[in-house]
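Observations on chain architecture
Residue-level listing of the chains:
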Amino acid sequence: MPRENQDVQDNIPNAPAAPAPSATTATKKPLPVAKGPDGQSVLKRLQSELMALMMCGDPGISAFPEGDNIFCWKGTITGSKDTVYEGMVYKLSLSFPTDYPFKPPKVKLENVCFHPNVDLNGAICLDILQDKWSSAYDVRTILLSIQSLLGEPNNDSPLNTQAAALWVNQEEFRKMVEKTYKPA
């Protein structure tokens, strides 16, 4: 294995040692290699963000790598107090590209969320995950932004037009949120 690939593998939390190539493993695709100026910048950035997120203590948000793959995370967001989502827990998946933080991660809600900016497949319409992305943003910023979006939707850019139209009637909107909510 080339040294730069081994360095990346050495820094993945709990990563098993790379097996020697054999007739059966030689055809398997290798793990994604972090691309960047030094080959490890993405990996280091994600490890740093994980530590910062664990230390921040922000209420109602969390995220961790899924198994040994630091490029795939699972997160949770709890609806903020005094919103129709108060106390509801939403699970997310975050998939980081190999050129992160220059490109945003793909973020998707795993459980159903009746919301103007979330479609039936869990796609989230949030500007910082698209055209307003900045490499200054991190996982914490993403989670806090989605948590904020729950209580303050952008009805000018709805993915769910039914939810956007119903937003003005908070009593009916709350009923629909409660009806569709299923913890993941």
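Computed from a predicted structure; not experimentally measured.

Looking now at the UniProt feature "active site" (unreviewed entry) in the protein. Under the feature "active site" (unreviewed entry), the UniProt entry names Cys-125. For Cys-125, the position within the fold is in the loop between β4 (106–109) and α3 (139–151). Beyond its immediate stretch of four places on either side in the chain, Cys-125 contacts Asn-117, Gln-130, Leu-149, Ser-157 and Leu-159.

Our focus in this paragraph is the pattern of salt bridges. Here the structure, examined in full by the defined rule, presents four salt bridges. Put simply, Asp-58 and Arg-140 hold a salt bridge, and the shortest N to O gap is 2.4 Å. In this pair, Asp-58 is assigned in the loop between α2 (41–56) and β1 (61–66) and Arg-140 in helix α3, connecting sequence segments 82 residues apart. Taking the shortest distance from any N to any O, the salt bridge between Lys-175 and Glu-172 comes out at 3.3 Å. One end of the pair is Lys-175 and the other is Glu-172, both in helix α5 (residues 170–180) and three residues apart, which spans about a single turn. Because the salt bridges share partners, they merge into one network encompassing Glu-171, Glu-172 and Lys-175.

Tallied over the entire structure, the rule returns nine aromatic pairs. Relative to Phe-173, the ring of Tyr-85 has its centre 6.3 Å away and its plane inclined at 80°; by these criteria the two rings are edge-to-face. Note that Tyr-85 is positioned in the loop between β2 (69–78) and β3 (89–95) and Phe-173 in helix α5, a separation of 88 residues in sequence. Aromatic side chains Tyr-100 and Trp-133 sit 6.1 Å apart centroid to centroid with 45° between the ring planes, which places their arrangement in the tilted category. Of this pair, Tyr-100 sits in the loop between β3 and β4 while Trp-133 sits in the loop between β4 and α3, placing them 33 residues apart in sequence. Summarising the burial analysis for this pair, Tyr-100 and Trp-133 share the class buried.

Parameters and conventions
- Residue positions are given per chain, counting from 1 as you read along its sequence in written order.
- Only residues with pLDDT of at least 70 get local features here, since the model is predicted, and only at 80 or more are side-chain atom pairs given and counted; chain-wide, interface and lining totals rely on the full set of residues.
- To obtain the side-chain values, all non-hydrogen atoms of the structure were used and water was disregarded.
- UniProt positions are given in the numbering used here, feature names are shortened, and annotations may be inferred rather than shown by experiment.
- A helix here means a DSSP run of H or I that spans at least four residues, while a strand means a run of E at least two residues long, and both kinds are numbered starting from the N terminus.
- Working rule for contacts: check all heavy atoms of both residues, and any pair within 4.5 Å makes them a contact.
- We count a salt bridge whenever a side-chain nitrogen from Lys or Arg sits within 4 Å of a carboxyl oxygen from Asp or Glu.
- Aromatic rings from Phe, Tyr and Trp, taking only the six-membered ring of Trp, are treated as a pair when their centres fall within 6.5 Å; an angle between ring planes under 30 degrees marks them as stacked, one over 60 as edge-to-face, and anything in between as tilted.
- The buried label goes to any residue with under 20% of its type's maximum accessible area, the exposed label to any with over 50%, and the partly exposed label to all in between, with areas taken from a 1.4 Å probe on protein chains only.

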